[in-house]
Amino acid sequence: MSLDRRSGCPINLSLEVFGDRWSLIILRDMIFGGRRHFRELLNGSIEGIASNILADRLKRLMELGMLTKADDPSHKQKAIYSLTEMAITLVPILAHLGAWGRVWLPTSEELSIRAELLEKGGPPMWEKFMDELRHEHLGMALDTASGPSVRATLQAAYQAVVAGKALGASPAA
């Protein structure tokens, strides 16, 4: 897919790829949520994307080389979307966006804990996560002796915050 380029500025070109309201959200849900099917992406996002918008953005992300699509071997009528190397290398950028959002915007504790951990984990955590994504989406080998996955660590932290809030909200006996 050729971009209608306004200039050769790398920031401008990046915004031409991600400047819409949904593309980074879809990639976020695939990277951090492990969602790879249309229905998972449609129903799993708290932002509530419409099905026609999701279909359009998935098509555009494939045309841009960010995603691939294949038949799901576990179900004839489903397709499975995979991140490409181009999309996987967005992990540090998403980590920086999350860190910036935590500082400057009114985030919720449960939705910002993953950004906090990614910020604190820095490049070593980002590299490990990208290696895990390469294994999951590209079939590359993975060093399995490296402890729990980054996604599992981030999800456990999220669940701990949610559970702590639930305990704090319940009346004392």
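Starting afresh in each chain, residues are numbered from 1 along the sequence in its written order. The predicted nature of this model means local features are confined to residues of pLDDT at least 70 and side-chain atom pairs, given and counted, to a pLDDT of 80 or more, with totals for whole chains, interfaces and linings taken over all residues. Calculation of side-chain values draws on the structure's entire complement of heavy atoms; hydrogens and water are dropped beforehand.

> What is the right way to look at the packing of helix α6 (residues 91-104) against helix α7 (residues 109-138) in this model?
Each packed pair of helices is defined by two parameters, the angle between the axes and the distance between the axes. Axis definition: a line fitted to C-alpha atoms, over the contacting stretch in the case of helices. Angles run 0 to 180 degrees between N-to-C directions. Helix and strand assignments follow DSSP, with helices taken as H or I runs no shorter than four residues and strands as E runs no shorter than two, numbered in order from the N terminus. Axis separation between α6 and α7 bottoms out at 9 Å; the angle between their running directions is 180 degrees. When the interaxial angle is binned, α6 and α7 end up roughly antiparallel. Seen from α6, the contacting residues are V91, P92, A95, H96, G98, A99 and R102; seen from α7, they are S112, A115, E116, L118, E119, W126, F129, M130 and L133. Under the scheme applied here, ten amino acids are nonpolar (Ala, Val, Leu, Ile, Met, Phe, Trp, Tyr, Cys and Pro), four are charged (Asp, Glu, Lys and Arg), and all others, including Gly, are polar. In terms of residue class, the contact of α6 with α7 is made up of ten nonpolar, three polar and three charged. To sort the angles, those under 35 degrees are grouped as roughly parallel, those over 145 as roughly antiparallel, those from 65 to 115 as roughly perpendicular, and the leftovers as oblique. Here, residues are in contact when the closest pair of their heavy atoms is within 4.5 Å.

> Help me understand the domain arrangement of the protein chain in this model?
Interface extent is often summarised as the accessible area lost during association of the parts. Domains are outlined according to an automatic or database domain assignment. What the domain assignment lists for the protein chain is domain 1 (10-87) and domain 2 (89-169). Here the C-alpha centre of domain 2 lies 19 Å away from the C-alpha centre of domain 1. With 18 residues of domain 1 in contact, the opposing surface of domain 2 contributes 15 residues. Of the roughly 1400 Å² buried between domain 1 and domain 2 on both sides combined, carbon and sulfur atoms contribute 65%. Buried area counts how much accessible surface, traced with a 1.4 Å probe, disappears from two parts once they are put together, with both parts' losses summed. Of all residues in domain 1, the largest losses of buried area upon contact with domain 2 belong to I31, F32 and E85, amounting jointly to 47% of the total for that side. Every case where a carboxyl oxygen of Asp or Glu lies within 4 Å of a side-chain nitrogen of Lys or Arg is listed as a salt bridge. Connecting domain 1 to domain 2 are one salt bridge. The residue R134 makes a salt bridge to E85 at a minimum N-O spacing of 2.8 Å. Two N or O atoms count as a polar contact when they lie within 3.5 Å, although within protein this holds only if one can serve as hydrogen donor and the other as acceptor, and sequence-adjacent residues are included solely when both atoms are side-chain atoms. At the junction of domain 1 with domain 2, the criterion picks out eight residue pairs in polar contact (both at pLDDT 80 or more). Residue contributions to the side of domain 1 that touches domain 2 peak at six residues, all from helix α2 (residues 23-33). Partitioning the side of domain 1 that touches domain 2 into residue classes produces twelve nonpolar, four polar and two charged.

> Quick question: what am I supposed to make of the pattern of salt bridges here?
A side chain with one charge may pair with a side chain of the opposite charge, provided their charged atoms come close. The final tally for this structure, using the stated rule, is 13 salt bridges. Across the pair R57 and D20 runs a salt bridge, and its minimum N-O distance is 3.0 Å. Residue R57 is located in helix α4 (residues 51-63), and its partner D20 is located in the loop between α1 (10-18) and α2; the two are separated by 37 residues in the primary sequence. The rule is simple: take the accessible area with a 1.4 Å probe, protein chains only, and divide by the maximum for that residue type; under 20% is buried, over 50% is exposed, in between is partly exposed. Looking at R57, the relative accessible area reads 15%, which means it is buried. Residue D20 is classed as partly exposed on the basis of its relative accessible area, which comes to 23%. Across the salt bridge formed by E116 and K120, the nearest N and O atoms sit 2.7 Å from each other. On the criterion of helical spacing, the pair formed by E116 and K120 is a turn pair, its members being four residues apart in helix α7. E116 gets classed as partly exposed once you look at its relative accessible area, which sits at 22%.

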